[in-house]
Amino acid sequence: MYCRNCGKEINDNEIKCPYCNISIVTIPQEQQKANTCWGVLGFCCPIIGVILYILWKDVSPANAKIAAKGALVFVMFFLIARLLDYIL
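Cut-offs applied
- Residues numbered from 1 in each chain as written.
- Predicted model: local features only at pLDDT ≥ 70, side-chain atom pairs only at ≥ 80, totals over all residues.
- Heavy atoms only, no water.
- Phe/Tyr/Trp six-rings, centres within 6.5 Å; stacked < 30°, edge-to-face > 60°.
- Helix = DSSP H or I, 4+ residues; strand = E, 2+ residues; numbered from the N terminus.
- Buried < 20%, exposed > 50% of the residue type's maximum accessible area, 1.4 Å probe, protein only.
- Patch = residues over 30% accessible without salt bridge, like charges linked within 9 Å, V, L, I, M, F, W, Y side chains within 5 Å.
- Areas by Shrake-Rupley, 256 points an atom, 1.4 Å probe, with all protein chains shown as cover.
- Salt bridge = Lys/Arg side-chain N within 4 Å of Asp/Glu carboxyl O.
- Arc of directions from axis to C-beta.
- Contact = heavy atoms within 4.5 Å.

Draft legend 1. Up close: the packing of aromatic side chains. Under the counting rule described, the total for this entry stands at four aromatic pairs. Their ring planes at 90° and their centres at 6.1 Å tell us that Phe43 and Phe77 sit as a pair that is edge-to-face. Taken together, the residues Phe43 in helix α1 (residues 36-44) and Phe77 in helix α3 (residues 61-87) connect sequence positions 34 residues apart. The class of Phe43 is partly exposed, set by a relative accessible area of 32%. Between the aromatic rings of Phe74 and Phe78, the centroid separation amounts to 6.2 Å while the plane-to-plane angle is 20°, which identifies the pairing as stacked. Taken together, the residues Phe74 and Phe78, both in helix α3 and four residues apart, mark about one turn of the helix. By way of ring pairs, the aromatic residues Phe43, Phe74, Phe77 and Phe78 are connected into one cluster.

And the structure:
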């Protein structure tokens, strides 16, 4: 295996690169914690939730997903409210 930072060959069982001292271990996506504050922000301002999803979908997928869910929930509430307003 090669270090992503310095490019030198290292053992597969290394936790840190012995040359540049950068952590090799990555956190699997299912273990990443999502911060619910991003979902609240996505709900309060859906355009920001969509922008955060686009920017973070590869970097921090858990936070990107919760921001997008917040924006989606807002849109659903908005559409239901408009429909009820039209009916009543």
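Draft legend 2. Summary view of a nonpolar patch on the surface. Taken together, the side chains of Ile80, Leu83, Leu84, Tyr86, Ile87 and Leu88 present a nonpolar region at the surface, about 760 Å² in accessible area. Along the chain, the position of Leu84 falls in helix α3. Judged by relative accessible area, Leu84 falls into the partly exposed class, the value being 46%.

Draft legend 3. Spotlight on unusual backbone geometry. Phi is positive for Asn21, close to 65°, though the residue is something other than glycine. With respect to the helices and strands, the residue Asn21 is situated in the segment before α1. The class of Asn21 is exposed, set by a relative accessible area of 52%.

Draft legend 4. Geometry of helix α2 (residues 46-56). All of the buried residues along α2 are Pro46, Gly49 and Leu52. One face of α2 carries all of its buried residues, which in axial projection span an arc of 120°. Exposed residues lying more than 90 degrees from the buried face of α2 are Ile47, Ile54 and Leu55. Considering only its buried residues, α2 is in contact with α1 and α3.

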